[in-house]
Each structure stands twice: as structure tokens, then as C-alpha cells.
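Notes for the structure review
So you can see what is in the structure, the chains are spelled out below.
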Amino acid sequence: MRAAIAELAKWGPQRESSLWRTEPLAQRGSPEPQPWYVNAVVELSLPFDTDPHSLLARLHALERAFGRPAQRERWAPRSLDLDLLLFDDLALASAKLELPHPGLARRRFVLAPLAELAPDLIAPGQTRTIAQLLADLDDPLRVEKL
């Protein structure tokens, strides 16, 4: 995780959350037991002409560089999973990308580190701040700050 964050820093100035240890989601048909995950949120300042689809492609390339196969079972363990949560105040729904990330408001492992960086942010399509979403969240998965 720290090595991936260091690579992201080469793309532009950044802020990063603490690292968080996260209980895995239910197996959802995965043939293997799932380990606990480590999560974090990184905010990048990128060149003005960066578009969200090219950023997503760069994130996928970084995942592959860290050993994640391009094709894998959906719920299988992975060495690195980079999600594009937000892109400025853009709301987008395309075949390959949805912004904000569709799970953002429902996942403690996303909201807890995001609240460290932007507690007062109201994501596109939401009416409450990130801190309010986190406080009101009904998510039984344990998330622990490392």
C-alpha cells in the first residue's frame, strides 16, 4: 500500500489518509477465504487536462504493475485495488466508470479514510457531508485505524 501511494505521489501533489485495516466483505461466492484489507484514500492534484477515464486507465496500469492480473474472479483476493471515488464535483455514468463511486456512501472502509481528508465535503448526488454519512452508516464490517 505504501509503495502504491508513493507511486501515486509521482503523478502530482497529494494528501493521504491514515491506513485502515478492514474486515473483508462476505465471501460472495469466492472459493478462498478473504484476508483483512488495508485501505486508504489519496487525494491527487493533477494537471488541468486530466480526464477521469484516462486517470482510471492509469490506476488500472498501476494495479497491474503491482501484480494484479487484468482478469480475475470478481471477489478473489487481490494485491492492489485502486478505485476512483471522486473527480472534482463531476457526476458521471458511463459503461466503464461511475462517479462518484457507487459504493462510496455505503462503505465504512471508504468513508472513514475519506472523512480524515474531507469531512465537510458533500459528494455529487448527496445531501449530507462525508462525516454525516459516516456517522449515520449502518455497516457491520469492522474498520480499524492502523
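Within every chain, residues take consecutive numbers counted from 1 along the sequence as written. Local features are withheld for residues below a pLDDT of 70 in this predicted model, meaning they are given only at 70 or higher, and side-chain atom pairs are given and counted only at 80 or more; totals for whole chains, interfaces and linings count all residues. Heavy atoms from the whole structure form the basis of all side-chain values; hydrogens and water molecules are not counted.

1. Digging into the overall build of the chain
Heads up, the condition is: Strands here are runs of E lasting at least two residues and helices are runs of H or I lasting at least four, both read from the DSSP assignment and numbered beginning at the N terminus. Residue exposure (1.4 Å probe, protein chains only): buried if accessible area is under 20% of the type maximum, exposed if over 50%, otherwise partly exposed. In what follows, a contact means two residues having at least one pair of non-hydrogen atoms within 4.5 Å. The Shrake-Rupley method, run with a 1.4 Å probe sphere, supplies the accessible areas, and residue values consider only the shown protein chains as cover.
A tally of helices and strands in the chain yields four helices and seven strands. Across the 146 residues in the chain, those meeting the buried criterion constitute 36%. Here the contacts in the chain between residues at least 6 apart in sequence split such that 60% fall between residues at least 24 apart. Accessible area of the chain: about 8800 Å², with a carbon and sulfur share of 52%.

2. What about the sheet that holds strand β7 (residues 143–145)?
Just so we agree on the cut-off: Strand pairing is defined by DSSP finding a minimum of two bridges between the two strands. Each axis is a line fitted through C-alpha atoms, taken for helices only over the stretch in contact, and angles between the N-to-C directions span 0 to 180 degrees.
Taken together, three strands build an open sheet; the order of strands is β3-β2-β7 and the sheet is antiparallel. Of all the strands in the sheet, the pair left with one neighbour each is β3 (37–39) and β7. When strand polarity is set aside, the average angle formed by the axes of neighbouring strands in this sheet is 30 degrees. One ladder, built from three bridges, connects strand β2 (residues 20–22) with β3; its direction is antiparallel. Each bridged residue has a counterpart across the sheet, and for Trp20 the counterpart in β3 is Asn39.

3. Some details on the confidence of the model for the chain
Should the pLDDT be low somewhere, the predicted coordinates at that spot are not to be read in detail. We count it as follows: Note on scores: pLDDT gives the predictor's confidence for each residue, bounded by 0 and 100.
Summing up the model confidence of the chain, the mean pLDDT is 90 and the portion of residues at 70 or higher is 89%. The least confident element of the chain, judged by mean pLDDT, is β3 at 93; the most confident is helix α4 (residues 130–136) at 98.

4. Examining helix α3 (residues 108–117)
Burial analysis of α3 places nine of its ten residues in the buried class, which makes it a mostly covered element. In this structure, the buried residues of α3 make contact with β1 (14–16), β2, β3, β4 (42–44), α4 and β7.

5. Details of the pattern of salt bridges
Keep this limit in mind: Only one rule defines a salt bridge in this text: a Lys or Arg side-chain nitrogen within 4 Å of an Asp or Glu carboxyl oxygen.
Applying the stated criterion across every chain yields a total of six salt bridges. We note a salt bridge from Glu43 to Arg15, for which the minimum N-O separation is 2.6 Å. Residue Glu43 is found in strand β4, and its partner Arg15 is found in strand β1; the two are separated by 28 residues along the sequence. For Glu43, a relative accessible area of 38% translates into the label partly exposed. The partly exposed category is assigned to Arg15, whose relative accessible area is 40%.

6. Structural notes on helix α2 (residues 52–65)
Spacing of three or four residues puts side chains on the same side of an α-helix, whose turn is 3.6 residues. Put simply, the test is: Residue count minus one, scaled by 1.5 Å, sets the expected span of a helix. This arc is built from the directions going out from the helix axis to the C-beta atoms. The definition of a polar contact used here is a pair of N or O atoms within 3.5 Å, where within protein one atom must be able to donate a hydrogen and the other to accept one, and adjacent residues in sequence count solely through side-chain atom pairs.
With 14 residues, α2 should reach 20 Å at 1.5 Å per residue; the first-to-last C-alpha distance of 20 Å fits that figure. Regarding α2, the residues found buried are Pro52, Leu55, Leu56, Leu59, Leu62 and Glu63. All buried residues of α2 lie within an arc of 120 degrees about the axis, which places them on one face of the element. Where the residues of α2 are buried, they touch α1 (2–9), β5 (92–93) and β6 (98–99). Residue Asp51 occupies the N-cap position of α2, its side-chain oxygen lying 3.0 Å from the main-chain nitrogen of His53. Positive phi appears at Gly67, one or two residues downstream of α2, with a value of about 95 degrees.

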